[in-house]
Amino acid sequence: MDKLSRRKLLAGGTAGAAAAGLSQLVPGAGPALARGADAHEHAGAGEGSHGGGAEGPTFRKGAAVDHGANGFDPSELVRHFDWGRTRRLASGRVLREWTLVAEDKEIEVAPGVHYPAWTYNGRVPGPTLRCREGELLRVHFVNSSDHPHTMHFHGLHPAQMDGVPGIGAGLVPTGGSTVYEFDARPFGVHLYHCHAAPLAEHIARGLYGAFIIDPKDGRPDADELVMVMNGFNTNFDAQGNQVYAVNTVAFHYVDQPVCVSRDSPVRLYVVNALEYDPINSFHIHGNFFNHFPTGTSLTPIEYTDTILQGQAQRAILELEFPYDGDYMFHAHKTEFAELGWMGFFRVGNGATRGAGAADYCDLGELETPGA
Ligand SMILES: [Cu+2]
C-alpha cells in the first residue's frame, strides 16, 4: 500500500484493512474536554477528516481504557522514573542496576482497541530508566517473550554491550537472559529499544523506553514529566499507524489532563518512539518552551512552541505556565493529533478554573489569579 492509499483509507473510511481496524469503534464519543471549541478545531469534527479526534470514530462513547487490565496508567507513568537499585562499589563509584523482562502482552491502546504488544516489564513504553552521569549501569535482561529480543541503549558503550544481533550477547532467545553493563554517559535524554529484526516491528510492538542520564550536578528543580510519543499499527500493514499517542493510550491526557502548577518550572522529557512514520512533532498551546535537543547541553537552542523529531530523536523542554486554565498539547502533524496524539495540561486548581473542572486535580493550595 502506498502512502496515498493509506491516507485515503484513514481519511475516507473506505473498505480496507485500515478501515477495518477503525470499524471496531463508534463515532461521536469522547471525553468532555475534547468537545470544546479548540478540540473541534483540531479534531476536525470528523467530517471527512482523519479519524475525527476524540469526537470521531476512534472513540467509543463514554468508554475508557481499562488501565488496571493494562497494568499501567499513563497518568502515573508520566511522572514515574525508575532509579533502579544502587550500591557503592569499593572504588566509591555508584553501581546502578535494573532488571527488565520482555513479555508478550495484549494492551488496550484506545477504548476497545486491543493490541498484541511486546513489552519491557509489562508496560508500553518500558520503564523510564534514570541515572546519573558517571555511574556504572548494569541491566539484567530476561526474555520471557515468545520471540528473540535484545536491549539496545543509546549512549556511549563498547560494541559488546550494544544489544544488536551477532555482537556480544546478540539475540537473546526465548527463556534466555543476559547482562548489559556500561557507563552512564553522556548526560541527556536517550532511549533504549529492542534491536532484533525486523527492527521496525520489534520497536513498533512496544519494546522501547526513555533512558535519562542526569548531569553530575543534576538539573534545577522542576515538575518532571516523561512523554514518549508512540503509535500502533493495529492492522499490521507497516504503513503508518491507526492509533497515535503519548505514553500509549490515545487521548488519555484529554480525558485526564496533566495537572501542573502555575508559575512553576516544568521539565518535559520528550522521546519519539514512533515507527512507520518518519516525523513526529510536539506543540503546546498558549505557551513557549526552551528546547534542549537530546538534553546534552545545559543551554537551550531555541525558545519556541513546536519541535520536530525524527525517529529516535528526543529533547528536554522547559517551561512555566503563567496563566491558569487548560492548554492543549499535540502533534502538529494534525493527522496524528486526530488519531489520539493530543492532550491537555491543566494549570491551577478547581477553584480558579471554575465550574466543570475535574476534582482529581489536587494541586493543594494555589493563589487565585490576580491575587
Ligand atoms: Cu524484539
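For clarity, every value in this text was computed on a predicted model and none was experimentally measured.

Helix and strand content of the protein: nine helices and 20 strands. Every one of the 371 residues in the protein was classed for burial, and the buried ones make up 46%. The contacts in the protein between residues at least 6 apart in sequence include a share of 70% that link residues at least 24 apart.

What follows covers the confidence of the model for the protein. Looking at the protein as a whole, its pLDDT mean stands at 84, while 77% of the residues score no less than 70. Long-range and interchain partners of residues 353–360, a stretch whose pLDDT sits below 50, account for five contacts in this model, where long-range means more than four residues apart. Counting interchain partners and residues more than four positions distant, the pLDDT-below-50 stretch residues 364–371 has nine contacts.

Before going further, it helps to spend a moment on the sheet that holds strand S10 (residues 223–232). Within the open sheet, the six strands sit side by side as S11-S10-S13-S18-S15-S16. Their pairing is mixed. The open sheet has two edge strands, strand S11 (243–246) and strand S16 (302–304), and neither has a second partner. Between one strand and the next, the sheet's axes are offset by a mean angle of 25°, whatever the strand orientation. Here strand S13 (residues 266–272) pairs with strand S18 (residues 314–319) via six bridges, running antiparallel. For Val271, the partnering residue across the bridge sits in S18 and is Arg314.

With that settled, consider the nonpolar core. Counting residues in hydrophobic clusters, the biggest one holds 87 residues, and the most contacted among them are Val109, Met227, Tyr269 and Trp341. Counting the residues that make up this core, at least three belong to each of domain 1 (15–65 + 221–353) and domain 2 (68–214). Among residues more than four places away in sequence, those in contact with Val109 are Tyr115, Phe232, Val243, Ala245, Thr248, Val249 and Ala250.

Turning next to unusual backbone geometry. When glycine is set aside, most residues are seen to have a negative phi, and most peptide bonds are trans. In this model, Val124 is joined to Pro125 through a cis peptide bond whose omega is -5°. Considering the arrangement of structural elements, one finds Pro125 in the loop between strand S3 (113–120) and strand S4 (129–132). Looking along the chain, the bond that leaves Arg185 and enters Pro186 is cis, with omega of -5°. Structurally, the position occupied by Pro186 is in the loop between strand S7 (177–183) and strand S8 (188–193). With a phi close to 75°, Ala312 is a non-glycine residue in the positive phi region. For Ala312, a count of 16 C-beta atoms within 10 Å translates into the label partly exposed.

The rules behind the values
- Residues numbered from 1 in each chain as written.
- Predicted model: local features only at pLDDT ≥ 70, side-chain atom pairs only at ≥ 80, totals over all residues.
- Helix = DSSP H or I, 4+ residues; strand = E, 2+ residues; numbered from the N terminus.
- Buried ≥ 20, exposed ≤ 12 C-beta atoms within 10 Å, placed from the backbone.
- Contact = placed C-beta atoms within 7 Å.
- pLDDT = per-residue confidence, 0-100.
- Pairing = 2+ DSSP bridges.
- Axes fitted to C-alpha atoms, helices over the stretch in contact; angles between N-to-C directions.
- Core = buried A, V, L, I, M, F, W, Y, C linked by C-beta atoms within 7 Å.
- Domains from an automatic or database assignment.

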